[in-house]
Each structure stands twice: as structure tokens, then as C-alpha cells.
Amino acid sequence: MSIRKVYATVGQGEDARKTLVCREVDTNLDGVMDIVRTYNDKGEVAAEQADTTYDGVIDTWLVFSKGRIIKRQADLDGDGRPDETGFYVERKLNRVQRDTNRDGKPDVWEIYDDGRLERMGVDLDRDGHVDRWDRDQIALRRLDEEEKARERDEERKREEEERKRASDAADGGVVTDARV
């Protein structure tokens with residue numbers, strides 16, 4: 001692996017400091033840089049471009065905010081344009097837009113919850129709007145069962161508290177101390 005780093009002087013006078021602005025990596029040692037990562041003045045990664053297919057053409061673009069990935073674009077069909085865009089929230093995939101018919105507009109949308117696919121929308125008539133939402137029925141059923149189990153547990157706790165209050169009231173509300 002061959003790595004080239006580019007530094008720049010940021011600030012003036014006493015505040016001047018040298019900071020990394022670009023890092024290029026040739027991962028397969030063919031003489032062509034496969035990954036180019038740029039940094040902001042604070043030294044945080046700002047963006048990255050990569051040639052993951054090693055054909056000399058950039059096919060993946062990443063955008064960062066405060067050093068964390070917020071957007072990933074990928075050229076899946078090799079035409080030089082992104083076909084898939086993923087958006088991240090707190091380092092987890094939040095949603096994806098995909099152009100499957102090569103018209104330059106998304107026609108498939110995926111929505112993720114906590115990094116797991118929740119539902120997928122499809123534009124069937126190419127008007128740029130979702131015509132059908134598909135949901136993971138197994139995951140929905142599991143979530144529904146978990147929610148029902150939580151509700152049953154809460155109901156049992158409420159019933160136990162009611163019995164305890166009723167028992168205390170039957171004892172006349174008197175608490176006895178068995179210590180001598």
C-alpha cells in the first residue's frame with residue numbers, strides 16, 4: 001500500500017499550524033490512487049472518494065460531518081454517476097435512495113430503524129413518488145409481539161401493586177414491626 005499525505009499551514013502568526021488536508025492511498029500498488037480523503041481545518045475527515053473496482057474511475061463518494069459519515073453514494077453500474085445514496089444518522093444507516101432504471105432519479109427508497117431495514121418504497125410509474133411500500137412482515141410481527149409482552153408485564157405489575165394496596169388496606173393500614 002502506498003500512501004501520500006498533503007499538509008497545509010492553517011492560521012497566521014502564532015496561530016499558524018500544519019494540518020493534514022488530503023490523504024491518498026494506492027491500495028493495490030498499481031500507481032493509481034484508489035482512495036482520496038480530504039480533511040477540514042480542524043483535521044476532521046470531510047470527504048472521501050474511492051475506486052473500489054480498480055478500473056481508474058471513482059465509484060464511491062463519502063461525505064462526513066464532525067468526522068462521522070453522513071452520506072454515501074455509489075456507482076453500481078459503472079457509468080460514472082451515483083446510482084445509490086445512503087444517509088446515516090449517528091453512524092447508522094437511516095435511509096437509502098436507489099436509481100434502478102438508470103434515469104438519474106431514485107425509484108427505490110429504503111427506510112431503516114436502528115440500522116435495520118424497516119420498509120422499502122417503489123416508484124412504479126416513474127413520477128418520483130412512492131407507489132407501493134413493502135414492509136418486513138416478520139420483523140413487524142416480532143416488534144408487535146415484543147410490545148404486547150411489555151404491555152402484559154406492565155399490567156401484571158399494576159395488578160400486583162393493586163393487590164398489595166388492597167392487602168394493606170385490609171390490615172387497617174397498620175404496619176407492624178416484628179423486631180423486639
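For the structure, see preceding data.
Quick summary incoming for the structure in this document.

Basis of the calculations
Residues numbered from 1 in each chain as written. Predicted model: local features only at pLDDT ≥ 70, side-chain atom pairs only at ≥ 80, totals over all residues. Heavy atoms only, no water. Helix = DSSP H or I, 4+ residues; strand = E, 2+ residues; numbered from the N terminus. Rg over C-alpha atoms; globule rule 2.2 N^0.38 Å. Buried < 20%, exposed > 50% of the residue type's maximum accessible area, 1.4 Å probe, protein only. Contact = heavy atoms within 4.5 Å. Areas by Shrake-Rupley, 256 points an atom, 1.4 Å probe, with all protein chains shown as cover. Polar contact = N/O pair within 3.5 Å; in protein donor to acceptor, adjacent residues only side chain to side chain. Pairing = 2+ DSSP bridges.

## With respect to the overall build of the protein chain
Check the secondary structure of the protein chain and you find one helix and eleven strands. Along the protein chain, from the amino end to the carboxyl end, the secondary structure elements read β-β-β-β-β-β-β-β-β-β-β-α. Its C-alpha radius of gyration of 28 Å places the protein chain more than 25% over the 16 Å reference for a compact globule of 180 residues. Within the span of the protein chain, comprising 180 residues, buried residues form 21% of the whole. Sequence-distant contacts, at least 24 apart, represent 8% of the contacts inside the protein chain between residues at least 6 apart. Here the protein chain displays about 13100 Å² of accessible surface, and carbon together with sulfur accounts for 47% of that area.

## A short note on the side chain of T85
Looking at where T85 falls in the secondary structure, it is placed in strand β7 (residues 84-89). Here Q73 takes part through its side chain, which lies 3.4 Å from a polar atom of the side chain of T85. Contact partners of T85, with chain neighbours within four places excluded, come to K71, R72, Q73, R95, V96 and Q97.

## A word on the side chain of T19
Structurally, T19 can be placed in strand β2 (residues 17-26). Setting aside its immediate chain neighbours within four residues, T19 contacts V6, Y7, A8, V10, N40, D41 and G43.

## Regarding the pairing of strand β8 (residues 92-98)
Judged from the six bridges that link them, β7 and β8 form a sheet pairing that is antiparallel. Counterpart to G86 in the pairing with β8 is V96. The antiparallel pairing of β7 with β8 creates a hairpin that spans two residues between the two strands, and E90 there sits at a positive phi of about 50°. Bridge count between β8 and strand β9 (residues 108-113): four bridges; the pairing is antiparallel. Bridging from a neighbouring strand, R98 pairs with V108 of β9.

Read these as spatial facts, not as claims about activity.
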